[in-house]
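# What the coordinates show
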Amino acid sequence: MKIRIENPNNSKKKTAMLCGFVLEDSDKVLGLENIDFKIIPSIKQSINDIGGVFGKILVIPTTDRTASQRILLAGLGKKENFTNDTIRFVSGKIAQKARELKLKEFSIIVPPSSLIEPISSVSQIVEGCKMSLYKFEKYKSKKENNIPDLTILVSKSEKISKAIKIAEIVSDGAIYTKSIANLPPNECIPATLANFARIISKKNNMKCNIISKNELKKKGFGGITAVGQGSKNEPKLIILEYNHGSRNEKPIVLVGKAVTFDTGGISLKPGEKMDEMKFDKCGGCTVIGIMKAVSELKLPINVVGIIPSVENMPGGESYRPGDIIKLYSGKTAEIQNTDAEGRIILADALSYGEKHYSPKAIIDFATLTGACIIALGTNIAGIVSNNDKLTQKIMESSKRTTEEIWELPLNGDYMDMVKSDVADMKNVGIGRAAGTITAAAFLRNAIENTPWIHIDIAGVAWTQVATKEKPYNPKGATGFGVRLILDYLQNI
Ligand code: BES
Ligand code: MN
Ligand code: ZN
């Protein structure tokens, strides 16, 4: 999608569809206040008809006397309900309408600064349009996604152009994450993800290190080794380094769970919806998408992405319930359920990240627990942290990006719930109680004192039955976390 900007007063602007926003109970099209109603007499009636209802869209054909072939009115809802997501959401609807009409291009008029800063307007318009037009059709014989170009009508300035450029990179990061997360498990194994990481590292000047099966075992990654040993698709630890900060500045470490398929292993999952466990790699895909965008944005910081990737399969060589393994930290873990595999591979990756990089902060993403869906549903991710300052920062990014999160507690009582009779810890808590927190407690044991935040994306990483429909989250992987963390990294 090509994106251009043009000054809004250029009324002779030729376009297939001129799109403007309308607030509820208003008789004006924002940014089009001076429109000559004599030219398009029906527009007054149309404004009335949509009533500015949130997400509602109306396309009006125009006469030959106007430069635009159509006018699209898009309802924003009530002014008092306006959020950081309104323009993104409604722009997505507009873009999908333009696609439906098979247009080659369309134009959106930025609303006045009294409603929203043009800088955030244009960012949201770009994100909304780009992400809403993504479609996973790699395996369709007939590809039908036509993506129209976009002109944003806004007063030109350096700042606006920069905001658009940033929003394009951020959206492309999220789209990249979606596109690899959507891949089927027969076509995306740990080695495939490692290849993707290698490709983006070459394109964007990052260091990429892949640690393979034998080396993992030799170096003491007992967790990744154990979970990975049941599959003929060998485990990989993928490490991407982006160094654009000063040499002695400590990096931010991002860790993402990438189980390319989670059958549960010997503790086999029931068949229902097991196909969705191809999305158990979403945490890792999020980290890869973030690293891609960070390097394209050329942020003046140091960031490391660490992605432990395995396939969790049952078989003659699988790890078993009852096994006791030694993690990278040196601590031992009793396996009580081979389906609680994410925390095991993450523990190795977290310890490695802390030991090798002495990071400023560690952020991990994982489709870790079904319990998180029970607790928070499918629109809000769960977070658990050992550091209030870091949590506060991530919360602020969450407010700005509308990638929603909710904090769960972690104190000593929860830590006690993962203590084992026969090893330092066990990989499940007590029954189903506080399943998301006991998983986090296991992770907490992998790091010493580095500020850390764990983001459980089990409910939000892909669209599920209870997921709220959003145009920019079409069916499949959502890329949750990419926009959130890129906002955080840009505001350090
Ligand atoms: N990948 C799953 C968690 C999951 C399940 C995410 C469904 C999204 C939808 C994870 O590996 C897992 O199986 N967790 C178990 C842990 C349990 C055995 C302690 C779970 O949540 O049931
Ligand atoms: Mn599992
Ligand atoms: Zn899993």
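Before reading further, recall that the structure is shown in the block above.
Quick summary incoming for the structure in this document.

### Overview of the environment of Ile380
Structurally, Ile380 can be placed in the loop between helix H10 (370–376) and strand E15 (381–385). You can call Ile380 partly exposed: its relative accessible area is 23%. Separated by 83 residues in the primary sequence, Ile380 and Leu297 have C-alpha atoms spaced 27 Å apart. Residues in contact with Ile380, not counting those within four places in the same chain, are Glu404, Ile405, Trp406 and Val460.

### Focus: the coordination of the manganese ion (ligand 2)
Distances from the manganese ion (ligand 2) to its protein donors, namely Asp262 (OD), Asp339 (O), Asp339 (OD) and Glu341 (OE), fall within the range 2.1 to 2.2 Å. Coordination geometry of the manganese ion (ligand 2): the six donor atoms subtend angles of 69 to 167° at the metal centre, consistent with an arrangement described as irregular. Along the chain, the residues donating to the manganese ion (ligand 2) fall in the pattern D-x76-D-x1-E.

### Examining helix H2 (residues 86–100)
An ideal rise of 1.5 Å per residue puts 21 Å on 15 residues; H2 measures up with 21 Å between its terminal C-alpha atoms. Here H2 lies mainly inside the structure; 11 of its 15 residues are buried. Downstream of H2 by a residue or two, Lys102 has a phi angle that is positive, lying close to 60°.

### As for the pattern of salt bridges
Applying the stated criterion to the full structure yields 18 salt bridges. Among the ionic pairs, Glu341 bridges to Lys257, the shortest N-O distance being 3.1 Å. Of the two residues, Glu341 is situated in the loop between strand E13 (332–334) and helix H9 (342–357) and Lys257 in the loop between strand E9 (252–256) and strand E10 (258–262); the sequence distance between them amounts to 84 residues. With respect to class, Glu341 is no different from Lys257; both count as buried.

### Some thoughts on the sheet that holds strand E1 (residues 3–6)
As summarised here, the arrangement of the six strands in space is E1-E6-E5-E2-E4-E3, forming an open sheet in which the pairing is mixed. Either end of the sheet is taken by a strand with one partner, and the two such strands are E1 and strand E3 (57–61). Adjacent strand axes in the sheet meet at a mean angle of 25°, parallel and antiparallel pairs treated alike. The pairing of E1 with strand E6 (residues 149–153) spans four bridges and is classified as parallel. From the neighbouring strand, Glu6 faces E6, where its bridge partner is Leu153.

### Remarks on the sheet that holds strand E12 (residues 324–326)
Across the sheet, which stays open at both edges, the three strands sit in the order E12-E13-E17 with mixed pairing between neighbours. At either margin of the open sheet sits one strand with a lone partner, and together these are E12 and strand E17 (425–426). In this sheet, E13 lies alongside E12 in antiparallel orientation, the contact comprising three bridges. Among the inter-strand pairings, Ile325 is bridged to a residue of E13, identified as Ala333.

### A look at the site of ligand 1
The full set close to ligand 1 counts 17 residues, and Lys269, Asp280, Asp339, Glu341 and Gly370 are the nearest of them. The separation between an oxygen atom of ligand 1 and a polar side-chain atom of Asp339 is 2.8 Å. A distance of 3.2 Å is found between a nitrogen atom of ligand 1 and a backbone nitrogen or oxygen belonging to Thr367. Bound to the protein, ligand 1 loses 78% of the 510 Å² it would expose on its own. When its residues are assigned to classes, the shell around ligand 1 shows six nonpolar, four polar and seven charged.

### Structural notes on the pairing of E9
When you tally the buried positions in E9, you get five out of five residues, the bulk of the element. Of the two faces of E9, the one lined by Ile252, Leu254 and Gly256 and the one lined by Val253 and Val255 are each fully buried. Pairing of E9 with strand E11 (residues 302–312), which is carried by four bridges, proceeds in the parallel orientation. Pairing of Val255 across the sheet is with Ile306, part of E11. As paired elements, E9 and strand E14 (residues 361–366) share five bridges and run parallel to each other. Counterpart to Val253 in the pairing with E14 is Ile362.

Conventions adopted
Residues numbered from 1 in each chain as written. Chains lettered and ligands numbered in written order. Predicted model: local features only at pLDDT ≥ 70, side-chain atom pairs only at ≥ 80, totals over all residues. Heavy atoms only, no water. Helix = DSSP H or I, 4+ residues; strand = E, 2+ residues; numbered from the N terminus. Buried < 20%, exposed > 50% of the residue type's maximum accessible area, 1.4 Å probe, protein only. Contact = heavy atoms within 4.5 Å. Donors = N, O, S within 2.8 Å, 3.2 Å for Na, K, Ca; no water. Tetrahedral: all angles 85-135°; square planar, octahedral: opposite > 155°, others 65-115°. Expected span 1.5 Å × (residues − 1). Salt bridge = Lys/Arg side-chain N within 4 Å of Asp/Glu carboxyl O. Pairing = 2+ DSSP bridges. Axes fitted to C-alpha atoms, helices over the stretch in contact; angles between N-to-C directions. Near = heavy atom within 4 Å. Polar contact = N/O pair within 3.5 Å; in protein donor to acceptor, adjacent residues only side chain to side chain. Areas by Shrake-Rupley, 256 points an atom, 1.4 Å probe, with all protein chains shown as cover. Nonpolar A, V, L, I, M, F, W, Y, C, P; charged D, E, K, R; others polar.

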